[in-house]
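# A look at the structure
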Amino acid sequence: MANFSKRSLDRRKWLKAASATAAVTIVAPHVLGGPGHIAPSDLIEIGVVGVGGRGLQNARALMALEDVRITAIADPAERWTLDNFYYGGVAGRIPAQQEINSHYQKSNSDFQCKGFVDFREMLSEMTDMNAVLCGTPDHLHANVSLAAMRAGKHVYCEKPLTLHINEARLVSKLAKETGLATQLGNQGHSTEGIRKTCEWIWSGAIGHVTEVHAWVPATRWNKTLIHPPTEAQQIPQGLDWDRWCGPREPVPYHSVYAPVSWRDFWQFGCGAMGDFGCHDLDSAVWALKLGDPKRIEMFPAGQTDPKLIPYGEVGYFDFDIDGGKEVRVHWYSGGPKPAHPDSMPANFQLPSRGVLFVGTEGSMLCGGAGGEPKLFPESRANEFEIPDVTLPRSNGHHRDWIDAIKGGTPASSNFEIGAHLTEITLLGVAAMRAGQMIEWDPKAMNAKNTDIASLVAGTYRQGWELT
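This structure is a prediction, so every number in the text was calculated from the model and none was measured. (Residues numbered from 1 in each chain as written. Predicted model: local features only at pLDDT ≥ 70, side-chain atom pairs only at ≥ 80, totals over all residues. Heavy atoms only, no water.)

### Some words on the sheet that holds strand S10 (residues 295-301)
Reading across the sheet, the 9 strands line up as S15-S14-S13-S9-S12-S11-S10-S16-S17 and stay open at both edges, with mixed pairing between neighbours. Each edge of the open sheet is held by one strand with a lone partner, namely strand S15 (373-376) and strand S17 (446-447). Strand direction decides the pairing type here: strand S14 (residues 362-367) and S15, joined by 4 bridges, are antiparallel. Within the sheet, the bridge partner assigned to Cys 366 lies in S15 and is Pro 373. Across the sheet, helix H7 (residues 192-202) is in contact with strand S9 (209-216), strand S13 (354-359), S14 and S15; its angle to S15 comes to roughly 35°. Packing against the sheet, helix H9 (residues 271-280) makes contact with S9, S10, strand S11 (312-321), strand S12 (325-333) and S13, and its axis sits at approximately 135° to S12. (Pairing = 2+ DSSP bridges. Helix = DSSP H or I, 4+ residues; strand = E, 2+ residues; numbered from the N terminus. Contact = heavy atoms within 4.5 Å. Axes fitted to C-alpha atoms, helices over the stretch in contact; angles between N-to-C directions.)

Next comes the structure, spelled out in structure tokens:
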């Protein structure tokens, strides 16, 4: 058991008592004794929701932190075999429990991580937890994040923050109201490279930025699938498929959905745009201080069924920036890359994934997800004077979240920032699914030129509605 201060214990008792009443009032941490209501010397107890692949990777990152204990996990799958995916190995509730127990029992032989099928049961029983990390498929992000914050837990959620724009706004609003420490799982936001990119852009490294290009090679996981399956397969032993489907109307189980390849279906994921948008649009949004896009258009490549993501996509977002100017951010997935700007040698080989800023005095190429910047032409790179450091450096994406829980500065990709990135990303998804250019009205949360309300807001089966 963690050595929590009396203040922390008193806070938990208060939250537990409050949750038992009919009222749903949420009190921000500063009301309970300031943002440092958990002492820096205390251990942070965390529950991880979703430990199939990426969630298990997050758990390993948390286990590397000496002041963290993963005391519970929740996942409707006992076990996944991931040999055919880039995660590799096995994952799921039982392998994750075994790995977590093995790690912590090296210093405490009595340690036991509790396992749950349903995250709601975990939140109900594990009242002493301080925080929750959500590593589920996209369609559960909003439900998990909202439930955890309403239970008084700090939250880290994988990207995109939500599956729908209305959900992102709800999650961001509640995070602001509660004052809880939050962090989006776009790890590139904590790199040295993305901070250099911002500082170099702000110092005029390439003059006025006129366009940005971001590209990823990602395509559909199920390469040969033309339509969603119509036949059902036997549900694997130890998998609660109904809980895996969560707020979505359940479909008959089939291996094309899980693990990992759920991203191919709009019902559960957002394809390459949703997978990488919060990573590779991040540097442009941060460096150019981009607000809401005013126009968005996406063209699918290899679209075979309206319920399936396409094999690739190409499109753009138009933003107004300071000085009454406009910048266009281009997006490519599935193989296409941008043309070389005049400042870059024609024979220069672009990486498989990257971000390219084009300016009036040169261009800058960055690796995907916050990679290091490189200036073109060579003469510009030789004469450029590296600016002073102006942005605080990160101690690590998960470390920054833990420090925020302990009263430090907010994590740099907290849910206010994460929701903004997610909304931009999901507008790309909406434009692609709408099949036309969108003139976005952020206040009305709809397009000015067409009705995309059904793409902005999610639908939920009974018992899973969001409020």
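Alright, that's what it looks like, and here's the rest.
### A word on helix H3 (residues 93-104)
A rise of 1.5 Å per residue sets the reference length of H3, with its 12 residues, at 16 Å; its end C-alpha atoms lie 16 Å apart and thus fit the reference within 8%. Along H3, the residues classified as buried are Arg 93, Pro 95, Ala 96, Ile 100, Asn 101 and Tyr 104. In this structure, the buried residues of H3 make contact with helix H2 (54-63), strand S2 (68-74), strand S4 (90-91) and strand S5 (114-116). (Expected span 1.5 Å × (residues − 1). Buried < 20%, exposed > 50% of the residue type's maximum accessible area, 1.4 Å probe, protein only.)

### Observations concerning the packing of H9 against helix H13 (residues 415-434)
Packing of H9 against H13 brings their axes to within 9 Å, and their N-to-C directions diverge by 145°. At the point where H9 passes H13, the crossing takes the right-handed sense. Contacts between H9 and H13 involve Met 273, Gly 274, Gly 277 and Cys 278 from the first element and Leu 421, Thr 422, Thr 425, Gly 428 and Val 429 from the second. A class-by-class count of the residues in the contact of H9 with H13 yields 4 nonpolar, 5 polar and no charged. (Left-handed = near helix turned anticlockwise from the far one by under 90°. Nonpolar A, V, L, I, M, F, W, Y, C, P; charged D, E, K, R; others polar.)

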